[in-house]
Amino acid sequence: MTKTNAGYFFEDYSVGQTFRHGPLRNVGEGERALYQALYPTRFAVNVSDPTAQFFGLPKAPLDDMIVFHKVFGATVPDISLNAVANLGYADLRWLKPVYPGESLGAVTEVIGLKENSNGKTGIVWVHTVGVNAAGEDVLSFVRWVMVRKRDVDAPAPAVVVPDLPDVVPASELAVPAGLDFSDYGLSEVNAPYRVGDYHVGEIIDHVDGVTLEEAEHMMATRLWQNTAKVHFDVTARPQGQRLIYGGHIISMARALSFNGLGAAEFMVAINGGAHANPCFAGDTVRAWSEVLEIATTKAPGVGAIRLRLVATKGGTAGQLRGEDGKYLSDVLLDLDYWALMPI
């Protein structure tokens, strides 16, 4: 009798099925240090206790994407161990800052299923909530993933495609308790542009590029305990290449966006996102952003900016789709998100 875990295949899922992903996972300064080694992130609130305290927080919270990666990684053995690819995200909300020394867990519910026309794979939609040791919700998101079938002759389930919001309303953004950007200009942060310096439709070329290395993306996959086979096993894909985890591209693009959006201190929501094309070691990632919306919050001095963040492997800033409406072949990521900035 085998005692190993083969993971779930498409026909193993049903709408309403719930997974409690354990155990709680510690997250601390080690993750912060490795995150900063993997990605060129420089956002001040996440790297400096004195700066975070100046803005009303008890100390520097962990980068928002660290929280995402930790919660996402916890779901992989149950949701995407046999995935072909993670396809997209919607209605992602950071609900509460996470600080070094906390522990994170996750609960996931299957909310949609649709078998693909080839009969070999299907799309699984899930809603995941990340929780801390006190049982408080810290993150919530929907994602959809293409999963292999174990038995191609297994009957297709009834099609259920969830109705997802296009945008998290600005009025529902969770601003960290105590955050106050009123005196942002008096801090030592070297980020000159505020929400009012941007306008809807503006395109920001983040200029810098990072060439991805096999060792670094493998380290990231292990750091987040992501066990999806396509990321570390060259025999899991017909081309014999390890597929780079999509979250690795999100973090890289977000870090690159500092050059032009240095005061966008917090990610607070992802409205939607798509991994447009696969990415492999040797590709050079660049990024550009488009300003989609500007809003206010109830917190003193705190504004919100909605951005489209696009990661490419050499494309021109502002170019996203071809005449046929499909993503250009050099587009890796198309992410619509909200960030908090000083007014």
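All of the points below concern the structure found in this document. (Residues numbered from 1 in each chain as written. Predicted model: local features only at pLDDT ≥ 70, side-chain atom pairs only at ≥ 80, totals over all residues. Heavy atoms only, no water.)

Moving on, we come to the packing of helix H1 (residues 29–38) against helix H5 (residues 214–223). Between H1 and H5, the least distance of the axes is 11 Å, while the angle of their chain directions is 155 degrees. Judged by the angle between their axes, H1 and H5 are roughly antiparallel. Seen from above, H1 lies across H5 with left-handed handedness. Between H1 and H5, the residues in contact are Glu31, Leu34 and Leu38 and Glu216, Met219, Ala220 and Leu223, respectively. A per-class count over the contact of H1 with H5 returns five nonpolar, no polar and two charged. (Axes fitted to C-alpha atoms, helices over the stretch in contact; angles between N-to-C directions. Helix = DSSP H or I, 4+ residues; strand = E, 2+ residues; numbered from the N terminus. Parallel < 35°, antiparallel > 145°, perpendicular 65-115°, else oblique. Left-handed = near helix turned anticlockwise from the far one by under 90°. Contact = heavy atoms within 4.5 Å. Nonpolar A, V, L, I, M, F, W, Y, C, P; charged D, E, K, R; others polar.)

A few words on the pattern of salt bridges. One side chain can pair with another of opposite charge once the charged atoms of both are near each other. Counting across every chain of the model gives twelve salt bridges. For arginine 93, the salt bridge goes to aspartate 91, with nearest N and O atoms at 2.9 Å. With respect to class, arginine 93 is no different from aspartate 91; both count as buried. Across the pair glutamate 115 and lysine 149 runs a salt bridge, and its minimum N-O distance is 2.9 Å. Taken together, the positions of glutamate 115 in strand E3 (residues 102–115) and lysine 149 in the loop between strand E5 (137–148) and strand E6 (203–211) put the pair 34 residues apart, joining distant regions of the chain. In terms of burial, glutamate 115 and lysine 149 fall into one category: buried. Among the ionic contacts, a cluster of salt bridges with common partners joins Glu11, Asp12 and Arg150. (Salt bridge = Lys/Arg side-chain N within 4 Å of Asp/Glu carboxyl O. Buried < 20%, exposed > 50% of the residue type's maximum accessible area, 1.4 Å probe, protein only.)

Here the focus is the pairing of strand E4 (residues 121–132). A large share of E4 lies buried, amounting to eleven of its twelve residues. Pairing analysis gives eleven bridges linking E3 to E4, with the strands arranged antiparallel. Residue pairing across strands places glycine 105 opposite valine 131, the latter belonging to E4. Counted between consecutive antiparallel strands, the loop separating E3 from E4 contains five residues, among which glycine 119 sits at a positive phi close to 75 degrees. Two successive antiparallel strands, E4 and E5, enclose a turn made up of four residues, where glycine 135 displays a positive phi of approximately 85 degrees. (Pairing = 2+ DSSP bridges.)

Attention shifts here to the sheet that holds E5. The strand order across the open sheet formed by ten strands is E1-E3-E4-E5-E2-E7-E10-E9-E8-E6, and the pairing between neighbours is antiparallel. In this open sheet, the two edge strands, each paired with only one partner strand, are strand E1 (18–27) and E6. If you compare each strand with its neighbour and ignore which way they point, the axes differ by 25 degrees on average. Two strands pair when backbone bridges link them, and strand E9 (residues 302–312) and strand E10 (residues 331–342) are joined in this way by eleven bridges, in the antiparallel orientation. Following the sheet pairing, threonine 312 is matched in E10 by valine 331.

Under the counting rule described, the total for this entry stands at 15 aromatic pairs. Ring geometry for phenylalanine 54 versus phenylalanine 55: centroids 5.5 Å apart, planes at 75 degrees, classification edge-to-face. On the numbers, 5.7 Å between centres and 75 degrees between planes, the contact of phenylalanine 68 with tyrosine 89 is edge-to-face. With phenylalanine 68 in helix H4 (residues 64–79) and tyrosine 89 in strand E2 (residues 83–94), this pair connects stretches of sequence that are 21 residues apart. (Phe/Tyr/Trp six-rings, centres within 6.5 Å; stacked < 30°, edge-to-face > 60°.)

Okay, the side chain of aspartate 334 next. For aspartate 334, the position within the fold is in strand E10. Polar side-chain contacts of aspartate 334 include one of 2.9 Å to the side chain of arginine 308. Other than its neighbours up to four places away in sequence, aspartate 334 contacts Gly272, Gly273, Ala274, Arg308, Leu309, Val310, Leu320, Arg321 and Tyr327. (Polar contact = N/O pair within 3.5 Å; in protein donor to acceptor, adjacent residues only side chain to side chain.)

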